[in-house]
Amino acid sequence: MKPLSIGQVAQRAGISVETIRYYEKQGLLAKPRRSAAGYRQYSDDAVRRLRFIQRAKDLGFTLREIRELLVLRTEPGVSCADVRKQAMDKITGIERKVRRLTQMRDALRTLADECDTDAPVSKCPILEALEREEERQGDTG
């Protein structure tokens, strides 16, 4: 198998060269061999690993969590249940974010519905609510 250049790996994995270098610095991708001229030389395994990282990112996993998943892939004695736990923890976090985003949307919708578009900005319920929140936080902080 012929070694791949960083550009070839980037193209096959659908990411930038800078991202590959970043993942190397973060320990998500092993440092590649170097040619006599000092060029990085990758194998197809690097492309597979980078695609795995990208798919995990697309599912909301952080780089720290992806690193943990990569360790689980190669650690002896690890079962699918261990990986499932990681996925369930991620689902719980996503559900928490969805609830928070829903609350934010509903609060903003309520304020927008109260908005009289003909009123002067000094009477804008959205701006008034944001000022009240700022004052409330200023009182407690």
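Residues numbered from 1 in each chain as written. Predicted model: local features only at pLDDT ≥ 70, side-chain atom pairs only at ≥ 80, totals over all residues. Heavy atoms only, no water.

(A) The overall build of the chain, seen in detail. Helix and strand counts for the chain come out as six helices and two strands. The helix and strand sequence of the chain, counted from the amino end, reads α-α-β-β-α-α-α-α. C-alpha extents for the chain along the principal axes are approximately 70 × 40 × 30 Å. Looking at the chain as a whole, 23% of its 141 residues are labelled buried. Contacts in the chain between residues far apart in sequence, at least 24 positions, make up 44% of those at least 6 positions apart. Averaging the locations of the 28 positively and 22 negatively charged side chains of the chain gives two centres separated by 14 Å. (Helix = DSSP H or I, 4+ residues; strand = E, 2+ residues; numbered from the N terminus. Buried < 20%, exposed > 50% of the residue type's maximum accessible area, 1.4 Å probe, protein only. Contact = heavy atoms within 4.5 Å. Lys, Arg positive; Asp, Glu negative; His and termini not counted. Charge placed at Lys NZ, Arg CZ, Asp CG, Glu CD.)

(B) Structural detail: the side chain of Glu 24. With respect to the secondary-structure elements, Glu 24 resides in helix H2 (residues 17-25). For Glu 24, a relative accessible area of 4% puts it in the buried group. Of note is the side chain of Glu 24, whose polar atom sits 2.2 Å from the side chain of Tyr 42. If we skip the residues at most four places from it in the chain, Glu 24 touches Leu 29, Ala 30, Lys 31, Pro 32, Arg 40 and Tyr 42. (Polar contact = N/O pair within 3.5 Å; in protein donor to acceptor, adjacent residues only side chain to side chain.)

(C) Examining the packing of aromatic side chains more closely. Taken as a whole, this structure holds one aromatic pair when the rule is applied. An angle of 55° between the planes, with centres 6.3 Å apart, marks the rings of Tyr 22 and Tyr 23 as tilted. Judged by its relative accessible area of 2%, Tyr 23 is buried. The cationic tip of Arg 73 hangs over the ring face of Phe 52; the distance from NZ or CZ to the ring centre is 4.8 Å. (Phe/Tyr/Trp six-rings, centres within 6.5 Å; stacked < 30°, edge-to-face > 60°. Lys NZ or Arg CZ within 6 Å of the ring centre and 35° of its normal.)

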